[in-house]
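Notes for the structure review
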Amino acid sequence: WDCVYGLYALEALMSRRRQGILHARKGAVLAEFAIAFMPICAMFLCVCQLARYSIDRLAVLHAAQVAVRACAVIKEPDPGSDTKLDGPESDIGRAAEIALAPFEGSTGTGELSHSEPTCDHTGAANGGTDTLTLKATFTCKIPLASKIVCSDGDKDITVHAQFPHQGAYYKL
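Residues numbered from 1 in each chain as written. Predicted model: local features only at pLDDT ≥ 70, side-chain atom pairs only at ≥ 80, totals over all residues. Heavy atoms only, no water.

Below, the discussion takes up the overall build of the chain. Helices and strands together make up the secondary structure of the chain, namely five helices and four strands. For the chain, the sequential pattern of α-helices and β-strands runs α-α-α-α-β-β-β-α-β. For the chain, the proportion of its 172 residues judged to be buried stands at 27%. Once local pairs closer than 6 in sequence are excluded, the contacts in the chain between residues at least 24 apart make up 65%. Approximately 11,900 Å² of the chain is accessible, and the part contributed by carbon and sulfur atoms is 61%. (Helix = DSSP H or I, 4+ residues; strand = E, 2+ residues; numbered from the N terminus. Buried < 20%, exposed > 50% of the residue type's maximum accessible area, 1.4 Å probe, protein only. Contact = heavy atoms within 4.5 Å. Areas by Shrake-Rupley, 256 points an atom, 1.4 Å probe, with all protein chains shown as cover.)

Printed below as a string of C-alpha coordinates:
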(Lines give C-alpha, C1' and ligand atoms only; values in the text may rest on other atoms or scores of the structure.)
Protein backbone atom coordinates (compact mmCIF):
# COMPACT_ATOMS: atom_id res chain seq x y z
CA TRP A 1 0.00 0.00 0.00
CA ASP A 2 2.88 2.39 0.53
CA CYS A 3 3.63 2.28 -3.15
CA VAL A 4 0.08 3.35 -4.02
CA TYR A 5 0.21 6.38 -1.71
CA GLY A 6 3.58 7.35 -3.12
CA LEU A 7 2.11 7.19 -6.61
CA TYR A 8 -0.71 9.56 -5.65
CA ALA A 9 1.78 11.98 -4.14
CA LEU A 10 3.87 11.89 -7.32
CA GLU A 11 0.78 12.46 -9.49
CA ALA A 12 -0.23 15.43 -7.37
CA LEU A 13 3.22 16.95 -7.68
CA MET A 14 3.30 16.43 -11.45
CA SER A 15 -0.19 17.82 -12.00
CA ARG A 16 0.79 21.00 -10.16
CA ARG A 17 3.68 21.50 -12.54
CA ARG A 18 1.55 20.69 -15.62
CA GLN A 19 -1.08 23.34 -14.88
CA GLY A 20 1.06 26.27 -15.97
CA ILE A 21 -0.49 29.43 -17.34
CA LEU A 22 -3.78 27.84 -18.39
CA HIS A 23 -4.69 26.87 -14.85
CA ALA A 24 -3.14 29.76 -12.96
CA ARG A 25 -5.44 31.64 -10.56
CA LYS A 26 -3.33 34.74 -9.96
CA GLY A 27 -4.75 37.81 -11.71
CA ALA A 28 -8.10 36.22 -12.58
CA VAL A 29 -10.02 38.95 -10.76
CA LEU A 30 -8.11 41.65 -12.64
CA ALA A 31 -8.86 40.03 -15.97
CA GLU A 32 -12.57 39.67 -15.14
CA PHE A 33 -12.70 43.30 -14.01
CA ALA A 34 -11.05 44.47 -17.23
CA ILE A 35 -13.62 42.57 -19.29
CA ALA A 36 -16.63 43.83 -17.28
CA PHE A 37 -15.45 47.44 -16.81
CA MET A 38 -16.18 48.81 -20.30
CA PRO A 39 -19.85 47.71 -20.54
CA ILE A 40 -20.52 48.93 -17.01
CA CYS A 41 -18.81 52.26 -17.72
CA ALA A 42 -20.73 52.66 -21.00
CA MET A 43 -24.02 51.92 -19.24
CA PHE A 44 -23.25 54.50 -16.52
CA LEU A 45 -22.42 57.18 -19.11
CA CYS A 46 -25.63 56.40 -21.05
CA VAL A 47 -27.70 56.75 -17.88
CA CYS A 48 -26.04 60.13 -17.23
CA GLN A 49 -26.77 61.26 -20.81
CA LEU A 50 -30.41 60.16 -20.58
CA ALA A 51 -30.75 61.96 -17.23
CA ARG A 52 -29.51 65.21 -18.80
CA TYR A 53 -31.90 64.72 -21.73
CA SER A 54 -34.82 64.17 -19.34
CA ILE A 55 -33.97 67.31 -17.36
CA ASP A 56 -33.82 69.40 -20.54
CA ARG A 57 -37.07 67.87 -21.83
CA LEU A 58 -38.78 68.88 -18.58
CA ALA A 59 -37.33 72.39 -18.96
CA VAL A 60 -38.76 72.64 -22.49
CA LEU A 61 -42.14 71.42 -21.23
CA HIS A 62 -42.07 74.05 -18.46
CA ALA A 63 -41.13 76.76 -20.97
CA ALA A 64 -44.03 75.71 -23.21
CA GLN A 65 -46.44 75.96 -20.28
CA VAL A 66 -45.14 79.42 -19.39
CA ALA A 67 -45.37 80.56 -23.01
CA VAL A 68 -48.91 79.22 -23.52
CA ARG A 69 -50.04 81.16 -20.43
CA ALA A 70 -48.57 84.29 -22.02
CA CYS A 71 -50.28 83.36 -25.28
CA ALA A 72 -53.64 83.08 -23.52
CA VAL A 73 -53.39 86.71 -22.44
CA ILE A 74 -51.59 88.25 -25.42
CA LYS A 75 -53.05 86.44 -28.45
CA GLU A 76 -56.13 88.09 -29.95
CA PRO A 77 -56.44 90.97 -27.49
CA ASP A 78 -59.82 92.25 -26.46
CA PRO A 79 -61.48 94.81 -28.74
CA GLY A 80 -60.46 98.36 -27.90
CA SER A 81 -57.51 97.23 -25.82
CA ASP A 82 -54.22 99.03 -25.70
CA THR A 83 -51.49 97.06 -27.47
CA LYS A 84 -48.88 98.65 -25.22
CA LEU A 85 -50.54 97.04 -22.21
CA ASP A 86 -51.29 93.72 -23.90
CA GLY A 87 -47.79 93.38 -25.30
CA PRO A 88 -46.68 92.20 -28.71
CA GLU A 89 -46.83 88.56 -29.74
CA SER A 90 -43.04 88.42 -29.49
CA ASP A 91 -43.56 88.36 -25.71
CA ILE A 92 -44.82 84.78 -26.09
CA GLY A 93 -41.41 83.73 -27.40
CA ARG A 94 -39.73 85.88 -24.79
CA ALA A 95 -41.62 84.04 -22.02
CA ALA A 96 -40.28 80.73 -23.34
CA GLU A 97 -36.79 82.21 -23.66
CA ILE A 98 -36.75 83.42 -20.05
CA ALA A 99 -37.96 80.05 -18.80
CA LEU A 100 -35.22 78.24 -20.76
CA ALA A 101 -32.41 80.73 -19.99
CA PRO A 102 -30.74 78.59 -17.28
CA PHE A 103 -30.66 75.57 -19.60
CA GLU A 104 -29.36 76.89 -22.91
CA GLY A 105 -26.61 78.97 -24.42
CA SER A 106 -23.64 80.27 -22.51
CA THR A 107 -25.49 80.51 -19.20
CA GLY A 108 -26.15 76.76 -18.98
CA THR A 109 -24.61 73.58 -20.27
CA GLY A 110 -24.98 74.58 -23.91
CA GLU A 111 -26.81 71.36 -24.72
CA LEU A 112 -30.20 72.93 -25.48
CA SER A 113 -31.39 75.39 -28.11
CA HIS A 114 -34.97 76.25 -29.09
CA SER A 115 -36.88 77.82 -31.96
CA GLU A 116 -39.65 80.42 -31.79
CA PRO A 117 -42.84 78.88 -30.36
CA THR A 118 -46.04 78.84 -32.39
CA CYS A 119 -49.34 79.58 -30.67
CA ASP A 120 -52.75 78.85 -32.19
CA HIS A 121 -56.18 79.81 -30.87
CA THR A 122 -59.19 77.58 -31.50
CA GLY A 123 -62.76 78.22 -30.49
CA ALA A 124 -64.66 81.41 -29.73
CA ALA A 125 -62.82 84.74 -29.58
CA ASN A 126 -63.70 85.19 -25.92
CA GLY A 127 -62.94 81.60 -24.93
CA GLY A 128 -61.62 78.48 -26.56
CA THR A 129 -58.19 76.96 -26.20
CA ASP A 130 -54.70 78.19 -26.94
CA THR A 131 -52.26 75.52 -28.10
CA LEU A 132 -48.54 76.18 -28.20
CA THR A 133 -45.86 74.10 -29.91
CA LEU A 134 -42.26 74.52 -28.82
CA LYS A 135 -39.39 72.79 -30.60
CA ALA A 136 -35.92 72.43 -29.15
CA THR A 137 -32.73 70.58 -29.99
CA PHE A 138 -30.73 68.71 -27.37
CA THR A 139 -27.05 68.14 -28.16
CA CYS A 140 -25.51 65.04 -26.62
CA LYS A 141 -22.07 65.88 -25.23
CA ILE A 142 -21.07 63.02 -22.92
CA PRO A 143 -18.30 60.99 -24.56
CA LEU A 144 -19.18 57.46 -25.66
CA ALA A 145 -22.80 57.87 -24.51
CA SER A 146 -23.45 60.48 -27.20
CA LYS A 147 -22.70 57.85 -29.86
CA ILE A 148 -25.09 55.34 -28.25
CA VAL A 149 -27.96 57.59 -27.12
CA CYS A 150 -27.84 60.16 -29.94
CA SER A 151 -26.46 58.50 -33.04
CA ASP A 152 -26.42 61.76 -35.04
CA GLY A 153 -25.35 63.95 -32.09
CA ASP A 154 -28.70 65.71 -31.58
CA LYS A 155 -32.16 64.81 -30.33
CA ASP A 156 -35.21 66.86 -31.27
CA ILE A 157 -37.70 67.74 -28.55
CA THR A 158 -41.21 68.83 -29.52
CA VAL A 159 -43.76 69.62 -26.81
CA HIS A 160 -47.34 70.87 -26.95
CA ALA A 161 -49.09 72.80 -24.20
CA GLN A 162 -52.72 73.93 -23.94
CA PHE A 163 -54.36 76.60 -21.85
CA PRO A 164 -57.88 78.10 -21.89
CA HIS A 165 -57.98 81.48 -23.64
CA GLN A 166 -58.42 84.36 -21.21
CA GLY A 167 -60.58 86.49 -23.48
CA ALA A 168 -63.75 88.30 -22.52
CA TYR A 169 -66.55 89.75 -24.63
CA TYR A 170 -66.87 93.55 -24.38
CA LYS A 171 -69.38 95.87 -26.04
CA LEU A 172 -67.91 99.12 -27.22
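Here we take up the environment of Ala64. You can see Ala64 is positioned in helix α2 (residues 28-74). Sequence separation between Ala64 and Thr158 is 94 residues, and the spatial gap between their C-alpha atoms is 9.8 Å. The residues contacting Ala64, other than those within four sequence positions of it, are Leu132, Leu134, Val159 and Ala161.

So, on to the pairing of strand β3 (residues 129-139). Inspection of the sheet shows strand β1 (residues 112-114) paired to β3 by three bridges, in the antiparallel sense. Across the sheet, Leu112 pairs through a bridge with Phe138, a residue of β3. Pairing analysis gives five bridges linking strand β2 (residues 118-122) to β3, with the strands arranged antiparallel. Bridge assignment links His121 to a residue of β3, and that residue is Asp130. Sheet topology note: the β3/strand β4 (residues 154-164) ladder contains eleven bridges and is antiparallel. Its bridge partner lying in β4, Thr129 is registered against Pro164. (Pairing = 2+ DSSP bridges.)

Moving on, we come to the packing of aromatic side chains. Under the defined criterion, the tally for this structure stands at two aromatic pairs. With a centroid separation of 5.5 Å and an interplanar angle of 40°, the aromatic rings of Phe33 and Phe37 are classed as tilted. In this pair, Phe33 and Phe37 are both assigned in helix α2, four residues apart and thus about one turn of the helix distant. Under the relative-accessibility criterion, Phe37 is labelled partly exposed at 40%. Pairing Tyr53 with Phe138 gives two aromatic rings, centres 5.4 Å apart and planes at 70°, and the pair type is edge-to-face. In this pair, Tyr53 sits in helix α2 while Phe138 sits in strand β3, placing the two residues 85 residues apart along the sequence. Taking relative accessible area as the criterion, Tyr53 reaches 17% and is therefore assigned buried. Classification of Phe138 as buried rests on a relative accessible area of 1%. A cation sits over an aromatic face here: Lys155 above Tyr53, 5.7 Å from the ring centre. (Phe/Tyr/Trp six-rings, centres within 6.5 Å; stacked < 30°, edge-to-face > 60°. Lys NZ or Arg CZ within 6 Å of the ring centre and 35° of its normal.)

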